[in-house]
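A closer look at the structure
Each chain is listed here by its residues.
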Amino acid sequence: MKFVANARQRATGIYLLLSILVIAGIYEAVGLPSAIFPTVTFPIVKVIADVGEEPAAQMMPTVTRVLEEAILRVPGIVLVRSTTSRGSTEISAEFGWGTDMKAALDRVQAETQRVRPDLPPQTRIDAEWMNTAIFPIQGYALTSSTETQAQLWDLAQYTLKPALVRIPGVSQVQIQGGRQREFQVRLNTQALAGRALTASDVVQAIQASNDVVSTGLSEQNHELYLTLVTGRVTGKEDLAKIAVPVPGGQPATLSDLGTIIVTDEVSYVRTTADGQTAVLVNIVRQPSANTVAIADAIDKIFRDQPDILPKDVHWSNFYDQASFVAGSVGGARDAIIIGVVLAAVVLLLFLRNVTFTLIAVAAIPLTVAIVGLALGAVGQTINLMTLAGIAAALGLIADDSIVVIENIESHHARASLRRTSDPELHPDLEQDLHDATATGAGELAPALVGSSLSTIVILLPFALLSGVVGAFFKPLALTMALALVISLVIALVVVPVSVGVFHRYQPATEVPSQSRLKRIARATGRSLAPIRERLAPMLERAGRGYSRLVDIFVGRASASVAVVVALLVVAYLLYGRIGTDFLPAMDEGS
């Protein structure tokens, strides 16, 4: 009670602090990264080794086993799984939950590089950790009725990819489909046999010639110059001039040994969009990036550079995760607005006081705004789980303020009644109302604190879950806990202070104010009067029925226990019929 009275004397400071927190919360929420799921880093490192067309039987001893033994040296390894196919090995290194995956990835990469000399020379190794940000967030298709697949691939690789990868938050731009142009040397077997050459001799000659080699330093004009000799092939003519050593004879050029043509590479993958062969461009975000901001930046590139694509090339969006995220945020926003409106109607219906109603419903958006600041402070993002936490906590947020307002209004009514019955004993009604506000809030403080703490304790096990389930439920539990704590503080501090500042008692002898707000409130009260009159008998009957039901169960304890046991049995039977899944089925709209 004394705390509420002291808080009212510092109303200006409280409102200033509240304004700063709300503005900072809105600013932080707008800038938070947004995605469908929370950013979860799974304790898995994937290692993929590519050795061209090496047979699987040869891959096992020369690549798979070597990499497995190297990865097993990494501290914290729980399990290593591998899949070997022709020319490719995929290894999954599993660690325990809670492992520093950045350090684990560094150690895995270090071990794979340590055994690099033991692997075939053409081996390419790629290692990355597994998290929810490795999957594409946007997918686009390039189609054309006049451009070839090779031209579309060149456009995506050399024009679009450099522009897209510069967008803040983009981690990778993946290009699928299309054809790459290549030189093909179709060797003449008779020419090879006449010079005692094999196809491998030709390959080695091309690899040795198509290179840039340093020949040392040259001093001139008191300066040192690095001299380079290049044999890089820039066209079909350069390739034809490459010399192939012939044992016991003069070197032969490639043009002597076969025919050189320029054609598309052989591809066994077909990608289509809108019924046409297409080149696909997938965008992968960084773990801390904003999906919606990346999509907006991509659209901005094509608005600002309309000539980035030829006129006969069509750019279409076949997968749009940003619209799904924006829809989720919009749905949470609409839920908050609807909740505020419904809470205002119910409060106005029963309290018939526009000031009390506005104070109670204002607590909801204020709490949500400050929750946005708290989520940013603890490193969370805007995703389905945090939005679900806010939506689930809306009722609890509104309940805290409503019960405080209702109890304060009840004490105000008693103070007014005492003033009417004995004016001389209670001459200062304004002070009595302030005392009633402090008493009403103080009475509920222990109950509200206990209620909020009990709910937070219930959420605590969800925050302590491990594994994939814990990674997804932790943001939900954390968001609800933060919302409850912030709502409790607003209900016990801001709401009583606002009642003391904005609620004014108007004696019956004074002329009613004709302000627009007052007129609206009186008109709303008159329009809701028939509804109150209709609901009154129903509420009265419901109250009598509830009282009789309580009397029955309190007087017959055995019947109460039997009903509870029956409900538990029914719940168990129904639980066995409910299907299970990791995540509900979702339609992302694409």
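1. Topic: the packing of helix H2 (residues 11–31) against helix H15 (residues 467–502)
One can describe the packing of H2 onto H15 by two numbers: an axis separation of 11 Å at closest approach and a directional angle of 125°. Here H2 is positioned oblique relative to H15, judged by the angle of their axes. In this structure, H2 crosses over H15, and the sense of that crossing is left-handed. Across the interface between the two elements, Ala-11, Ile-14, Tyr-15 and Leu-18 from H2 touch Val-493, Val-494, Val-497, Ser-498, Val-501 and Phe-502 from H15. Of the residues assigned to the contact of H2 with H15, the class counts are 9 nonpolar, 1 polar and no charged.

2. Examining the pattern of salt bridges
Evaluation of the coordinates by the stated rule reveals 9 salt bridges. Between Arg-86 and Glu-53 there is a salt bridge, and its shortest N-O distance comes to 3.5 Å. Of this pair, Arg-86 sits in the loop between strand S2 (77–85) and strand S3 (88–95) while Glu-53 sits in the loop between strand S1 (41–50) and helix H3 (56–71); the two residues are 33 residues apart in sequence, bridging distant segments of the chain. Both residues of the pair, Arg-86 and Glu-53, count as exposed. Between Arg-114 and Glu-111 there is a salt bridge, with its nearest N and O atoms 2.8 Å apart.

3. With respect to the packing of aromatic side chains
Taken as a whole and judged by the stated rule, the model has 5 aromatic pairs. Ring plane angle 75° and centroid distance 6.3 Å describe the contact between Phe-42 and Trp-97, whose orientation is recorded as edge-to-face. With Phe-42 in strand S1 and Trp-97 in the loop between S3 and helix H4 (101–114), the pair connects residues that are 55 residues apart, well separated along the chain. Ring centres of Phe-462 and Phe-473 lie 5.8 Å apart, and the angle between their planes is 35°; on these two criteria the pair is classed as tilted. Here Phe-462 is found in helix H14 (residues 429–463), whereas its partner Phe-473 is found in helix H15, with 11 residues between them in sequence. Following the ring pairs from residue to residue traces out a cluster consisting of Tyr-140, Phe-302 and Trp-315.

4. Overview of the environment of Leu-396
Structurally, the position occupied by Leu-396 is in helix H13 (residues 384–421). According to the relative accessible area criterion, Leu-396 is partly exposed, its value standing at 31%. Each residue touching Leu-396, except ones within four places of it in the same chain, is listed here: Thr-455, Met-480, Leu-484 and Ser-487.

5. Focus: the confidence of the model for the protein chain
Summary statistics for the protein chain give a mean pLDDT of 83 and a share of 89% for residues scoring 70 or more. Summarising per-element confidence for the protein chain, the mean pLDDT is lowest in helix H1 (residues 2–9) (65) and highest in strand S15 (residues 279–285) (93). In the predicted structure, residues 506–517 sits below a pLDDT of 50 and forms 9 contacts with residues beyond four places in sequence or in another chain.

6. Concerning the sheet that holds strand S5 (residues 138–144)
Strand order in the open sheet formed by 4 strands is S6-S15-S5-S16, with antiparallel pairing between adjacent strands. The open sheet has two free edges, formed respectively by strand S6 (170–177) and strand S16 (313–320), since each of these has just one partner strand. Sheet twist, expressed as the average angle between the axes of neighbouring strands with direction ignored, equals 20°. Sheet analysis places S5 next to S15, joined by 5 bridges and oriented antiparallel. Bridging from a neighbouring strand, Gly-139 pairs with Asn-282 of S15.

7. Examining a nonpolar patch on the surface
On the surface, Val-212, Leu-217, Leu-224, Leu-226 and Leu-228 cluster together into a nonpolar patch covering about 520 Å² of accessible area. Among the elements of the structure, strand S8 (212–220) and strand S9 (223–230) are those that each provide at least two residues to the nonpolar patch. Considering every element that reaches the nonpolar patch, the biggest residue donor is S9, with 3 residues. Looking at where Leu-217 falls in the secondary structure, it is placed in strand S8. The class for Leu-217 is exposed, based on a relative accessible area of 62%.

8. Overview of the nonpolar core
Within the largest apolar cluster, 45 residues are counted, with the highest numbers of intra-cluster contacts made by Ile-364, Val-404, Ile-405 and Ile-490. Elements that contribute at least two residues to this core include exactly H2, helix H11 (321–351), helix H12 (354–377), H13, H14 and H15. Those residues within four positions of Val-404 in sequence are excluded, and the remaining contacts are Ala-441, Leu-444, Leu-448, Ala-491, Val-495 and Pro-496.

9. Comments concerning unusual backbone geometry
With a phi close to 60°, His-222 is a non-glycine residue in the positive phi region. As for its placement among the helices and strands, His-222 is situated in the loop between S8 and S9. Residue classification places His-222 among the exposed residues on the basis of a relative accessible area of 80%.

Analysis parameters
Residues numbered from 1 in each chain as written. Predicted model: local features only at pLDDT ≥ 70, side-chain atom pairs only at ≥ 80, totals over all residues. Heavy atoms only, no water. Axes fitted to C-alpha atoms, helices over the stretch in contact; angles between N-to-C directions. Helix = DSSP H or I, 4+ residues; strand = E, 2+ residues; numbered from the N terminus. Parallel < 35°, antiparallel > 145°, perpendicular 65-115°, else oblique. Left-handed = near helix turned anticlockwise from the far one by under 90°. Contact = heavy atoms within 4.5 Å. Nonpolar A, V, L, I, M, F, W, Y, C, P; charged D, E, K, R; others polar. Salt bridge = Lys/Arg side-chain N within 4 Å of Asp/Glu carboxyl O. Buried < 20%, exposed > 50% of the residue type's maximum accessible area, 1.4 Å probe, protein only. Phe/Tyr/Trp six-rings, centres within 6.5 Å; stacked < 30°, edge-to-face > 60°. pLDDT = per-residue confidence, 0-100. Pairing = 2+ DSSP bridges. Patch = residues over 30% accessible without salt bridge, like charges linked within 9 Å, V, L, I, M, F, W, Y side chains within 5 Å. Areas by Shrake-Rupley, 256 points an atom, 1.4 Å probe, with all protein chains shown as cover. Core = buried A, V, L, I, M, F, W, Y, C linked by side-chain atoms within 4.5 Å.

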